[in-house]
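Each chain is listed here by its residues.
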Amino acid sequence: MVELTQLPAWQTLWEHFVEAKQLHMRDLFASDPQRAERYALEVGGLFLDYSKNRITDSTLRGLMALAREAGLPARIKAMFRGDKINSTEQRAVLHVALRNRTNSPIMVDGEDVMPKVNSVLERMGKFAHAVRSGEWLGYTNQPITDIVNIGIGGSDLGPLMVCRALKPFAHPRLNMHFVSNVDGAQLKETLKKVHSETTLFVVESKTFTTQETLTNALTARDWFVHRARDEKAVAKHFVAVSTNQKAVADFGIDPSNMFEFWDWVGGRYSLWSAIGLPIMLYLGEENFTELLNGAHIMDQHFSNAPFEQNMPVLLAMIGIWYINFYGGGSHVITPYDQYLHHFPAFIQQLDMESNGKQTTLAGKAVEVETAPIIWGETGINGQHAFFQLLHQGTHISPIDLIASLTNCSSLPGHHEILLANVFAQAEAFMRGKTEQEARAELTQQGWQGEALEALVPHKVFNGNRPSNMLLMDLLNPRNLGSLIALYEHKIFVQGVIWQINSFDQWGVELGKQLAKTIQAELLGQPLSPEHDSSTRHLIELYRQANQRGCT
Ligand code: G6Q
């Protein structure tokens, strides 16, 4: 594999960058009245306006050439075909199979995975129907009113984000709770809100060895058995989602209450699998299917559309332009939609755990920056907090602005304010305010002389700050499915360009290993001589505090 920095397109892009970095988007818009029209794209229910980026036709030509030279067409085919592209774990990467609505065969180790996928979906559907209809009864013959999902990372963030995003589609009887943190506060506060007789616990863990999840699940089980006074009642109130049947059985959950998935589903890509069970319970089978349909639309688009009109490829390559050429190592996600409150955190894991890598597939150190730091918050709140840095700070942080066009709020006036703000922010980022404009504005307000001149520099906005506008007609299951799949594929494309494996996560291991030793030491075992002085001191502080107790 030719190294990225040796590819001809990489060199050409650097030559182009020397000129391109002088350009201002104001001028690009002024010189091309068709720019917004030309740099826009619609896929399913998603509309992308990428015109407010520091790009020209030459930039896009160069970036698409780079994608081709980096072997992207072959890598896309390899993923969809079920090749073991997660090479460090020797696994296929097949979240696309989970939403393969055409059911075309996808082979892993000589076996078509589609029958297994469909059979688990069917079981999930039956179970969800039983719970939602009130047919599934708790140990005192009452229907379920509360579902508590216990899981962390990929076994939490996806279901959490989707359930919160699609709350208006939820069953009116059901309340959905999520417990991920091993800090007992989260479980304790959740258990205060629910009743053992009407609560269903869904324990989600791909490996079923994750300490946080198993600790929370055991505590929840004890809490439940203490109230039900009957071990057998657990079968009506605990189900598991895992790839590890033995560990589920050892934990005490009847394997007939287990929903299966497979090692070719990565944790952060797993909401489409049985890990989506809480989504199906809360929103119903039909809405879950719509979520899959939306993702499938994006999958088909991604694998078939020419790169120049391919939404994930465009977003990924424009991202590469900023990260690797402008040196902008941060990317902001701002939904102008309260229901998408958890979306930035979900994308943060998806991107940073996938592409936060420093070793290429060939085992060498990468020569370029990889994953940007992903951060964000609902946009309108962000405007009153961190947008100052985006407008006048010294970093380049491209921003994705996400909103729904149709006003579905029953509260008059709100949606217009929201949308006016998202459009205005994109315009302000692009256009900025020149010194001349700032001076004229202040003069009109009555400022003059030294006071005027002292204020002018502070009122200048350089503009030329990149943003992508992602719009949906409505935030519904189908459009959300497409939106999530868009980011999944964008991240995959960037991983291909950087020649890294986007589907492992060895970086989370070291801390876990060390925590095991420290946990024993907190409980009184002698301190390991291998600790540094800071860690030893921290452990001592813990011991002293716990001798004093909580009063
Ligand atoms: C995701 C990661 C990670 C994982 C959690 C939970 O891709 O691998 O976030 O999902 O560590 O793991 P389990 O599902 O095995 O409990």
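Residues numbered from 1 in each chain as written. Predicted model: local features only at pLDDT ≥ 70, side-chain atom pairs only at ≥ 80, totals over all residues. Heavy atoms only, no water.

Caption draft 1: The sheet that holds strand β12 (residues 399–404), seen in detail. On the basis of which strands lie adjacent, the open sheet formed by 6 strands has the order β1-β2-β13-β12-β10-β11 and mixed pairing. Only two strands of the sheet have a single neighbouring strand rather than two, namely β1 (40–43) and β11 (373–376). Here the strands of the sheet are splayed against their neighbours by 20° on average, with no regard to which way each runs. As defined by bridge partners, strand β10 (residues 330–335) adjoins β11 across 4 bridges and the pair is classed as parallel. When the bridges of β11 are listed, His331 appears paired with Ile374. In the packing of helix α16 (residues 343–355) onto the sheet, the strands contacted are β10, β11 and β12, and the crossing angle to β11 comes to about 175°. Against the sheet, helix α22 (residues 477–498) makes contact with β2 (46–49), β10, β12 and β13 (467–472), and its axis sits at roughly 150° relative to β13, the strand it touches most. (Pairing = 2+ DSSP bridges. Helix = DSSP H or I, 4+ residues; strand = E, 2+ residues; numbered from the N terminus. Axes fitted to C-alpha atoms, helices over the stretch in contact; angles between N-to-C directions. Contact = heavy atoms within 4.5 Å.)

Caption draft 2: Region of interest: the environment of Val368. You can see Val368 is positioned in the loop between α16 and β11. Note on Val368: relative accessible area 16%, which makes it buried. Separated by 29 residues in the primary sequence, Val368 and Ser397 have C-alpha atoms spaced 18 Å apart. Setting aside residues no more than four positions away along its own chain, Val368 makes contact with Leu4, Thr5, Trp10, Asn324 and Trp498. (Buried < 20%, exposed > 50% of the residue type's maximum accessible area, 1.4 Å probe, protein only.)

Caption draft 3: Seen up close, unusual backbone geometry. Even without a glycine there, the phi angle at Arg229 is positive, about 55°. Residue placement: Arg229 occurs in the loop between α10 (211–228) and α11 (234–237). Located in the positive-phi region is Asn464, a residue other than glycine, with phi close to 65°. Mapped onto the elements, Asn464 comes out in the loop between α21 (449–459) and β13.

Caption draft 4: Up close: the site of the ligand. Taken together, 13 residues lie near the ligand, and Ser155, Ser205, Lys206, Thr207 and Thr210 sit nearest. Between Gly154 and the ligand, the recorded distance is 2.9 Å, taken from a backbone N or O atom to an oxygen atom. Note that an oxygen atom of the ligand is positioned 2.6 Å from one of the side-chain N or O atoms of Ser205. For the shell around the ligand, the per-class residue count stands at 1 nonpolar, 9 polar and 3 charged. (Near = heavy atom within 4 Å. Polar contact = N/O pair within 3.5 Å; in protein donor to acceptor, adjacent residues only side chain to side chain. Nonpolar A, V, L, I, M, F, W, Y, C, P; charged D, E, K, R; others polar.)

Caption draft 5: Local environment of the pairing of β12. Counted residue by residue, β12 has 6 buried out of 6 residues, so it is predominantly covered. What you see with β12 is no split at all: Ile399, Leu401 and Ala403 on one side and Asp400, Ile402 and Ser404 on the other are buried throughout. As paired strands, β10 and β12 are joined by 4 bridges and run parallel to one another. Bridging from a neighbouring strand, Pro335 pairs with Ile402 of β12. Relative to β13, β12 is paired through 6 bridges, and the arrangement is parallel.

Caption draft 6: Spotlight on the pairing of strand β8 (residues 238–242). Burial analysis of β8 places 5 of its 5 residues in the buried class, which makes it a mostly covered element. Across the two faces of β8 the burial is the same, with Phe238, Ala240 and Ser242 and Val239 and Val241 all buried. Direction of pairing for strand β7 (residues 199–204) relative to β8: parallel, over a ladder of 4 bridges. Across the sheet, Phe201 pairs through a bridge with Phe238, a residue of β8. Here β8 pairs with strand β9 (residues 258–260) via 3 bridges, running parallel. Bridge pairing in β9 places Ser242 opposite Glu260. The β-α-β motif built from β8, the intervening helix α12 (residues 245–251) and the parallel element β9 has right-handed crossover chirality. (Right-handed = clockwise from strand over helix to strand, strands pointing away.)

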